[in-house]
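# Per-entry structural report
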Amino acid sequence: MSETGPRLRAQLDGIPTYKPGRPAPAGGVTTYKLSSNENPYPPLPGVMEQATAAARHFQRYPDLACTALTAELAERFGVPASHVATGTGSVGVAQQLLQATSGPGDEVIYAWRSFEAYPIIVQISGAASVRVPLTPGEFHDLDAMADAVTERTRLIFVCNPNNPTGTVARRAELERFLDKVPGDVLVVLDEAYREFNRDPEVPDGIEIYRDRPNVAVLRTFSKAYGLAGLRIGFAVAHEPVAEALRKTAVPFGVSQIAQDAAVASLRSEKELMVRVDALVKERDRVLGRLREQGWTVPETHANFVWLRLGDRTGEFAEACERAGVVVRPFAGEGVRVTIGENEANDLFLAAAEAFRS
Ligand SMILES: Cc1ncc(COP(=O)(O)O)c(C=O)c1O
């Protein structure tokens, strides 16, 4: 018997495992989880009914091709069904895009700080991460990202709005950037928070992808649509890329519960968007109050706010937790705080105010 065990790929060495936002501790005072950019509202009644109806049949495999959902999405966005590819959350689809494009010797560019899964999934692919620092105002530095392209570049993530800063890339700069990127490099517009954007200058990625074959758009049902626990997201991309996503998908990865809940969510969109509007209103209230308290907070178009606290990050997160809200610290950098229930946001604002004094 071998003493060494199976040989694992060296690329996995040193990969930090994905750290989920901490849950609210059980017991004691009511504590709110503002650490994972989730939607605080429970599922809408119609969505819940569809999901529970689907759950009655989970002895069966789901529809492999997500036919009904794909058709619904294609119609909603005015794209061919062959351009829609679903997956186990948009992070699952992002990982498939890497599998399809990038491996050892290749480079993947993204802004930093951005979505914390990017470095992990890039390292798993075997490609090298090229991180381009955000500007001092916490925006993507798209000129620097274009300058970072080399012959080895295979994929570029543009997270718009950016997690964790909430900042956006606007139409003119994005178009200028895309004009500079070679056509054989895939640009992934990760629009996980798109529904929370209220800046008219931020383009809809699905409009941009139409005449750019090297652009793919990632969307999710986890945030505005409130289906995070069901794991469902999708890409809209031209045929070769969408086809590559179908090849790299885990067979039957997206459950029937998720598929049916997603269809029901699209059909209940009006009611869902009322909730999204309420969250946007709350976000703007929180942002305004933080600024009144004297904090420097970037303009956010997502369902969270970002405080760059540097060395005081851990201390601030602990103070929030003592006040009843679990936030998301990034050690030595800052804290991301999801907009949650109004009472949770109030607890957070009170903790932030107390911390300043
Ligand atoms: C920018 C961004 N992209 C993608 C995701 C992944 O979401 P999901 O896999 O739940 O669709 C997240 C989740 O936090 C995110 O912040």
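Residues numbered from 1 in each chain as written. Predicted model: local features only at pLDDT ≥ 70, side-chain atom pairs only at ≥ 80, totals over all residues. Heavy atoms only, no water.

If you check an unreviewed UniProt entry, the protein chain appears there as Aromatic amino acid aminotransferase from Streptomyces montanisoli.

Enumeration according to the criterion identifies 14 aromatic pairs in this entry. Judged by centre distance (5.0 Å) and plane angle (85°), the ring pair of Tyr-193 and Phe-304 falls under edge-to-face. Here the residue Tyr-193 occupies a position in the loop between β6 (186-190) and α7 (205-209), and Phe-304 occupies one in strand β9 (residues 304-308), the gap between them amounting to 111 residues. Taken individually, Tyr-193 and Phe-304 each receive the classification buried, so the pair is uniform in this respect. Plain terms: the ring middles of Phe-221 and Tyr-225 are 5.1 Å apart, the flat faces sit at 65° to each other, and that makes the pair edge-to-face. Across the pair, Tyr-225 and Phe-221 agree in class, each one buried. Three or more aromatic residues joined by ring pairs make a cluster, and in this case those are Tyr-110, Trp-112, Phe-115, Tyr-118 and Phe-157. Above the face of the Trp-112 ring, Arg-131 is positioned so that its terminal group lies 4.3 Å from the ring centre. Between the NZ or CZ atom of Arg-336 and the centre of the ring of Phe-304, over which it lies, the distance is 5.9 Å. (Phe/Tyr/Trp six-rings, centres within 6.5 Å; stacked < 30°, edge-to-face > 60°. Helix = DSSP H or I, 4+ residues; strand = E, 2+ residues; numbered from the N terminus. Buried < 20%, exposed > 50% of the residue type's maximum accessible area, 1.4 Å probe, protein only. Lys NZ or Arg CZ within 6 Å of the ring centre and 35° of its normal.)

Another point: the sheet that holds strand β11 (residues 328-330). Pairing in this open sheet of three strands is antiparallel, and the strands run β9-β12-β11 from one edge to the other. Either end of the sheet is taken by a strand with one partner, and the two such strands are β9 and β11. For this sheet, the mean inter-axis angle between neighbouring strands, taken without regard to orientation, is 20°. The sheet contact formed by β9 and strand β12 (residues 334-338) spans five bridges and is antiparallel. Directly across from Trp-306, in β12, lies its bridge partner Arg-336. (Pairing = 2+ DSSP bridges. Axes fitted to C-alpha atoms, helices over the stretch in contact; angles between N-to-C directions.)

Another point: the nonpolar core. In terms of nonpolar packing, the biggest core is built from 82 residues, with Ile-156, Phe-177, Phe-221, Leu-290, Phe-316 and Phe-348 touching the most fellow members. Here this core takes seven residues from helix α10 (residues 269-293), the largest share from any one element. In terms of nonpolar packing, the next biggest core, distinct from the first, is built from 25 residues, Val-122, Ala-127, Leu-155 and Cys-159 among them. (Core = buried A, V, L, I, M, F, W, Y, C linked by side-chain atoms within 4.5 Å.)

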